[in-house]
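# Survey of secondary and tertiary structure
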Amino acid sequence: AGTDIASIGTKKFARHPLRSKLQMVFQDPTDSLNPRWSARRSIEDPIRRLASINRQELDARVVSLAERVGLPFHLLDRFPHQLSGGQKARVGIARAIALEPKLLILDEPTAALDVSVQAVVLNLLASLREQLNMSYLFISHDLNVVRLLCDSVMVMQAGQIVEEGPTRQLLSSPKHHYTQTLLDAIPHPPAQTSHENSA
């Protein structure tokens, strides 16, 4: 919004008013959660730090957030080692949306999850984006996920942007050879032979 956040010192930014507008969902939900904190405490943390709220309001907000991300209420007092990968991912997402940020940075948010859980989490993220009117900066190597979730794409090679544009256009007719290489790396099911079709 026209503010250079890089000019704000790290310690100052941790409690800066802009901090609540910018949140992150990390790649590994296990490593991103404090093992000594319950799911409830993890979700509470950004609210405690960046919002003025009493205990009753805080409890109600945590329950509401858990419900919004599909985390059963009885899991709120469990610790990370007592939760599945999908449940930990939901805690991380609830924590990230706790202050209703304008921008959510998602760093490979489904990479550490089983394939069956990935689809559920991606659908949740797509739904939350619409409900909360957030923008996503979605970092991923999985172009199928990018195709599903992103409106526009920047392709980076060795830390440099080599191509950018609307998702559908860029993925259907890439201009840069690296983008084409990424698209060629997407696994495709083997084509059936005529013999298999007739069987």
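One can find the structure itself at the top, above this paragraph.
My aim in this report is to walk through the structure given alongside it, one point at a time. (Residues numbered from 1 in each chain as written. Predicted model: local features only at pLDDT ≥ 70, side-chain atom pairs only at ≥ 80, totals over all residues. Heavy atoms only, no water.)

What follows concerns the sheet that holds strand E3 (residues 135–139). Read across the sheet, three strands follow the order E1-E2-E3 without closing on themselves; strand pairing throughout is parallel. Sheet topology places strand E1 (22–25) and E3 at the edges, where each strand pairs with a single neighbour. Averaged over all neighbouring strand pairs, the angle between strand axes comes to 20°, with direction disregarded. One ladder, built from four bridges, connects E1 with strand E2 (residues 103–107); its direction is parallel. Among the inter-strand pairings, methionine 24 is bridged to a residue of E2, identified as isoleucine 105. Packing of helix H4 (residues 85–97) onto the sheet brings it into contact with E1 and E2, and relative to E1 it is tilted by some 175°. (Pairing = 2+ DSSP bridges. Helix = DSSP H or I, 4+ residues; strand = E, 2+ residues; numbered from the N terminus. Axes fitted to C-alpha atoms, helices over the stretch in contact; angles between N-to-C directions. Contact = heavy atoms within 4.5 Å.)

Before going further, it helps to examine unusual backbone geometry. One non-glycine residue with positive phi stands out, namely glutamate 100, at about 50°. Checked against the element boundaries, glutamate 100 lands in the loop between H4 and E2. For glutamate 100, a relative accessible area of 49% translates into the label partly exposed. The backbone of alanine 158 sits at a positive phi, close to 55°, despite the residue not being glycine. Looking at the element boundaries, alanine 158 is found in the loop between strand E4 (152–157) and strand E5 (160–166). (Buried < 20%, exposed > 50% of the residue type's maximum accessible area, 1.4 Å probe, protein only.)

Before going further, it helps to examine the packing of aromatic side chains. Tallying each qualifying case throughout the model produces zero aromatic pairs. It is arginine 41 that lies over the ring of tryptophan 37; its NZ or CZ is 4.2 Å from the centre. (Phe/Tyr/Trp six-rings, centres within 6.5 Å; stacked < 30°, edge-to-face > 60°. Lys NZ or Arg CZ within 6 Å of the ring centre and 35° of its normal.)

Quick look at helix H3 (residues 55–69) now. Under the 1.5 Å per step criterion, the end-to-end length of H3 is 21 Å for 15 residues, consistent within 8% with the ideal 21 Å. Looking only at H3, the buried set comprises Leu58, Val62, Leu65, Ala66 and Val69. The arc that holds every buried residue of H3, seen down its axis, measures 100°, which confines them to one face. Exposed side of H3, more than 90 degrees from the buried face: Gln56 and Glu67 are the residues found there. The inward-facing, buried residues of H3 contact helix H2 (39–50), H4 and helix H5 (115–132). (Expected span 1.5 Å × (residues − 1). Arc of directions from axis to C-beta.)

Moving on, we get to empty space enclosed by the protein. To find leftover empty space, one rolls a probe the size of a water molecule over the atoms. Under the defined criterion, the tally for this structure stands at one cavity of 30 Å³ or more. Its boundaries defined by the atoms lining it, the largest cavity holds a volume of some 80 Å³. Taken together, Val25, Phe26, Pro29, Ser32, Lys88, Ala89, Gly92, Ile93, Arg95 and Pro109 form the lining of the largest cavity. For the lining of the largest cavity, the class distribution of residues is six nonpolar, two polar and two charged. (1 Å grid on protein atoms, 1.4 Å probe; cavity = no way out; pocket = protein on both sides within 12 Å on 5 of 7 lines; lining within 4 Å. Points joined across faces, edges and corners; volume = space filled by probe spheres on them. Nonpolar A, V, L, I, M, F, W, Y, C, P; charged D, E, K, R; others polar.)

This paragraph deals with the pattern of salt bridges. Applying the stated criterion to the full structure yields seven salt bridges. Across the pair arginine 40 and aspartate 77 runs a salt bridge whose closest N-O atoms are separated by 3.0 Å. Linking arginine 40 in helix H2 with aspartate 77 in the loop between H3 and H4, this pair joins segments that are 37 residues apart in sequence. The closest approach of N and O atoms between arginine 49 and aspartate 45, which form a salt bridge, is 3.0 Å. (Salt bridge = Lys/Arg side-chain N within 4 Å of Asp/Glu carboxyl O.)

Don't take any of this as a statement about function, it's just geometry.
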